[in-house]
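Reading the structure
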Amino acid sequence: MATANSTTGMTTPAEPATGGLLVLLTPMPSEQLEGILEQLSGAFQPDSLVIATGDGIAVDAWPSLTFEPLPSAEMSVTLTAADFVNAHQLAEKHESRGMLILGPESGSLAPAALHRLADAVLSASADLAVPCYDLPPRAGLVNSAILYPVTRALFASPVRFPLAIDLGLSRRMAERLAVLSQRLPAANQRDTLFWPVNEASVCGLSIQECEAGSRALPQPVDPDLNTVLANVTGALFADVEAKAAYWQRARRPVGSRPPVPQTHAADAPMDIGPMIESFRLAWSNLQEIWSLVLPPNSLLGLKRLSMAAPENFRMPDNLWARIVFDFLLAYRLRTLNRGHLLGALIPLYLAWVASHIGITASGVAPERHVEAVAAAFETEKAYLVSRWRWPDRFNP
Amino acid sequence: MQIIAGSILKRVAFQAAPLAMPDNSSVWRHMSDALHQSMYRVLSLLIAILPGLLAFFVALVIFALIGMALSATARRVLGWARFDERVARNRTDINWTPSSSPTELTARVCFWAFVLLGLIVGVSAFDTSYATATALPISLLPYLTHAVGAIFLLIAGTLIARFLARSVLISAVNAQLQYARILSLGVKWLVLVLTAAMVLDHLEIGGNIVALAFGILFGGIVLTLSLAVGLGSRDLVSRSLESHVERTGDRGMPPPTAAQGNVETIRHF
């Protein structure tokens, strides 16, 4: 029998549902919350479902669902350490067999996608279930340029979206992430990014990627590219540095993924002139900073790129891979102030975006190019390992 | 009578002769006496302060060696305690991360603190021996303290100027401002000029002339920049701001819906 909590207005069960699925909803606008609750009501049996949310919800409208209150927090487009701590604590309380963490705009996910994520962890076939979204060709470019290739090359993980905002976790995966989160001061848990795919790889836990179809991407709180790229890339570099002992061991390359069917129509041709001009401006002004980080070979490649005409503006995949790895090394060696280092990476990333758009406009499928980039990162891993181990001696 | 007068005259003339004619040997003797006495005073002073000078170098060397030993110990202890990882866990803001690891910074601070302590002890010892060796109540310590403070000011100002120049350069380039390098150089030289004025003021060199010159120079630079931005670069600034607003709108726009048709958008994240 449910009892009403007069303080929060939420319904708490007299006997907590055990052995079922815990769904943790990160902070989101109320209209999105209503949408995801509808999806969950339709997709799962209500008596085996516990929904944890910190947002105000009219529980009377959902009498069949069981709710758990969470501390209120600001909306975020990434999952943070605090989310994993909450998930683990509630999973222990309700003895849930598996849990889903769903981010903003998760109501746009099809019920079948939610089912696949939940089944992967409830059936004990995976400790970590990561969705594979079907996004428009020009969406998630930071993931295509940096996050996916680096994660695939160093952690041998084929997961296309390593920083997905929706995840399925088993009890032990949640426990592992919660233990790591609790080492952080409470004030930092809300801002610290975690990399569940990397953690699962290091711990030897099983990862399963589930087709999730299309999904609406939430708007970052601060949409400025400078801030987003610096935060996300800096967090990835810090994680790679912390796990150096793992990824330096040789691993079998992942190989090409199966081709993803393109359901989104090709975007209209885009003028990449401003991005190329931005890169050329950066080339003329940031050369002395880039020369502290990049070896002469890479600088020569960038020089040639700066002189290329817009229709021939193509950044070679191995050049981009070496640039990212050189910045990763500079991050570790503190060659520059880290804020300056990540700021200096932005024009190079925009050059890659311009090159990617140019390549896809010429008829190459976007996913095919992204896979080629990821393969280049795998090929250049030996370069990273050599420079990581002998930073002063090996400098081509 | 004449013989007596002559002998008296001879005696008087003989006695008056040294007074009437200069005695060269006496002048040279006085001069050499003066030189000998001054050399004696200076050498005595040098001999008196020599122990103080030696004490200065010995104190500096000993404290530097202690600093090196403690610095190496601190580096090992902090490395064993994984100090870098603990500090990194507690930080989320990357904008102020130093170029050296926290362990390295702590070890360096430890070393230089002991060098500074040795310097103070050595200067104090030298100052004491100098004060006792001379009658003049001159003490070098306050001026040397000012000099050390001025050196610290100069180093801090130079580091801040470099950091700010680089920050402004990268931010201006990412904001696609064509005059990024000029802006960066301007910021760097403003900070360096300010630092130089502070150092000279700290050393009490130049007095009001330095303050006045700095005020005129700094005010002139700021006024020039204001006029340039307000009058001469008005169109350029408005174009830069407009293009920045358009780009922010492009970067932050949601994915195109069917109703929007072929709207060109990029979602970086």
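This one's a predicted model, so the numbers in the text were calculated from it and none came from an experiment.

**Re the overall build of chain B**
Summing up its helical and strand segments, chain B has eight helices and zero strands in all. If you list the helices and strands of chain B from N to C, you get α-α-α-α-α-α-α-α. The proportion of buried residues among the 269 residues of chain B is 13%.

**What about the overall build of chain A?**
A tally of helices and strands in chain A yields 15 helices and nine strands. For chain A, the residues scored as buried account for 52% of the 396 residues in total. Pairs at least 24 apart in sequence give 81% of the contacts found in chain A among residues at least 6 apart.

**Considering the packing of helix α12 (residues 317-333) of chain A against helix α15 (residues 381-389) of chain A**
All names here are of chain A. Remark: α12 packs on α15, axes separated minimally by 10 Å, with the N-to-C direction vectors making an angle of 20 degrees. Looking at the two axes, α12 sits roughly parallel to α15. At the point where α12 passes α15, the crossing takes the right-handed sense. Between α12 and α15, the residues in contact are Arg322, Phe325, Leu328 and Leu329 and Tyr383, Leu384, Arg387 and Trp388, respectively. Residue composition of the contact of α12 with α15, by class: six nonpolar, no polar and two charged.

**Details of the domain arrangement of chain A**
Residue and element names in this part refer to chain A. By the assigned domains, chain A splits into domain 1 (2-222) and domain 2 (273-389). If you average the C-alpha positions of domain 1 and of domain 2, the two centres end up 33 Å apart. Contact with domain 1, which involves 11 residues of that partner, is made by 13 residues of domain 2. The class makeup of the residues in the side of domain 1 that touches domain 2 is nine nonpolar, one polar and one charged.

**Some points on the sheet that holds strand β5 (residues 66-69) of chain A**
Residues and elements named next belong to chain A. Sheet architecture is open: seven strands sit in the order β5-β4-β3-β6-β8-β7-β9, paired in mixed fashion. The sheet terminates laterally at β5 and β9 (207-213), the two strands that pair on one side only. If you compare each strand with its neighbour and ignore which way they point, the axes differ by 25 degrees on average.

**Some remarks on helix α10 (residues 273-293) of chain A**
Residues and elements named next belong to chain A. With 21 residues, α10 ought to run about 30 Å at 1.5 Å a step, yet its terminal C-alpha atoms sit only 26 Å apart, falling short of that. Most pronounced at Leu286, the bend in α10 amounts to some 75 degrees. Taken together, the buried positions of α10 are occupied by Met275, Ile276, Ser278, Phe279, Leu281, Ala282, Trp283, Asn285, Leu286, Ile289, Trp290 and Val293.

**Here's the deal with the nonpolar core**
Leu22, Val23, Ala87, Met99, Leu128 and Ala354 of chain A are the most contacted members of the largest nonpolar core, which totals 140 residues. Among the elements that line this core, the one with the most residues is helix α13 (residues 338-361) of chain A, at 13 residues. Setting aside residues up to four positions removed in sequence, Ala87 of chain A forms contacts with Leu22, Leu24, Met99, Ile101, Leu169 and Ala174 of chain A. In terms of nonpolar packing, the next biggest core, distinct from the first, is built from nine residues, Phe56, Ala59, Phe111 and Phe114 of chain B among them.

**Points about unusual backbone geometry**
In the Ramachandran plot, Ala156 of chain A falls in the positive-phi region, its phi being about 55 degrees despite a non-glycine side chain. With respect to the helices and strands, Ala156 of chain A occurs in the loop between α4 (141-155) and β8 (167-170). A count of 18 C-beta atoms within 10 Å places Ala156 of chain A in the partly exposed class. The backbone of Gln176 of chain B sits at a positive phi, close to 60 degrees, despite the residue not being glycine.

**Details of the environment of Ser201 of chain A**
All names here are of chain A. By the secondary structure assignment, Ser201 is in helix α7 (residues 196-203). On the basis of neighbour count, Ser201 is assigned to the buried category, with 23 C-beta atoms found within 10 Å. Residues Ser201 and Ser48, 153 residues apart in the sequence, show an inter-C-alpha distance of 30 Å. Once you skip the residues sitting within four places of it in the chain, Ser201 turns out to touch Phe155, Ala156 and Ser157.

**So, the pairing of strand β3 (residues 21-25) of chain A**
All names here are of chain A. Counting buried residues along β3, five of its five residues qualify, which places the element largely inside the surrounding structure. Of the two faces of β3, the one carrying Leu21, Val23 and Leu25 and the one carrying Leu22 and Leu24 are both buried. Pairing geometry for β3 and strand β4 (residues 49-53), over five bridges, is parallel. Bridge pairing in β4 places Leu25 opposite Thr53. Between β3 and its parallel partner β4, the chain crosses via helix α1 (residues 30-43), and the hand of that crossover is right-handed. Two elements, β3 and strand β6 (residues 98-102), share five bridges in a ladder whose sense is parallel. Across the sheet, the residue bridging to Leu24 is Ile101, located in β6.

**A few points about the confidence of the model for chain B**
Residues and elements named next belong to chain B. Overall, the predicted model of chain B reaches an average pLDDT of 77, with 73% of residues at or above 70. The lowest-confidence element of chain B is helix α1 (residues 2-20), averaging 58 in pLDDT; the highest-confidence one is helix α6 (residues 180-202), averaging 89. Scored below 50 in pLDDT, residues 251-264 makes 20 contacts in the model with residues more than four places away or belonging to other chains. Here the prediction assigns the complex a pTM of 0.78, and the interface score ipTM is 0.83.

**Some words on α7 of chain A**
Residue and element names in this part refer to chain A. Taken together, the buried positions of α7 are occupied by Pro196, Val197, Asn198, Ala200 and Ser201. The inward-facing, buried residues of α7 abut β7 (128-133), α4, β8, α5 (171-182), β9 and α8 (225-242). One or two residues past the end of α7 sits Gly204, with phi positive at roughly 75 degrees.

**Comments concerning the packing of α8 of chain A against α12 of chain A**
Residue and element names in this part refer to chain A. Contact geometry for α8 and α12: axes closest at 10 Å, N-to-C directions at 70 degrees. What the angle tells us is that α8 and α12 run roughly perpendicular. Together, Phe237, Val240 and Glu241 of α8 and Leu328, Tyr331 and Arg332 of α12 make up the contact between the two elements. Split into classes, the residues belonging to the contact of α8 with α12 amount to four nonpolar, no polar and two charged.

Definitions and cut-offs
Each chain carries its own residue numbering, running from 1 in the written order of its sequence. Labels follow written order: the first chain is A, the first ligand is 1, and so on. Local features are withheld for residues below a pLDDT of 70 in this predicted model, meaning they are given only at 70 or higher, and side-chain atom pairs are given and counted only at 80 or more; totals for whole chains, interfaces and linings count all residues. Helical segments are the DSSP runs of H or I of at least four residues, strand segments are the runs of E of at least two, and each set is numbered from the N terminus. As a rule, residues whose C-beta atom has 12 or fewer other C-beta atoms within 10 Å are exposed, those with 20 or more are buried, and those in between are partly exposed; C-beta atoms are placed from the backbone. Here, residues touch in the contact sense if the C-beta positions derived from the backbone fall within 7 Å of one another. A fitted line through C-alpha atoms represents every axis, and for helices the fit uses only the stretch in contact; the resulting angles, taken between N-to-C directions, go from 0 to 180 degrees. Here the angle decides the label: under 35 degrees means roughly parallel, over 145 means roughly antiparallel, 65 to 115 means roughly perpendicular, and every other value means oblique. Here is the rule for handedness: rotate from the far helix to the near one, and if that takes an anticlockwise turn smaller than a right angle the crossing is left-handed, while a clockwise turn gives right-handed. Under the convention adopted here, Pro, Cys and the residues Ala, Val, Leu, Ile, Met, Phe, Trp and Tyr are nonpolar, Asp, Glu, Lys and Arg are charged, and Gly plus all remaining residues are polar. Boundaries between domains were set according to an automatic or database domain assignment. When DSSP locates at least two bridges between a pair of strands, those strands are taken to pair. Helix span is expected to be 1.5 Å times the residue number reduced by one. One fitted axis covers the seven residues ending at a residue, a second covers the seven starting there, and the bend at that residue is the angle between these axes. Defined on buried residues, the nonpolar core groups Ala, Val, Leu, Ile, Met, Phe, Trp, Tyr and Cys residues joined through C-beta atoms within 7 Å. By convention, orient the strands away from the viewer: a clockwise path from the first strand over the helix to the second makes the crossover right-handed. pLDDT is defined as a per-residue confidence score from the predictor, taking values between 0 and 100.

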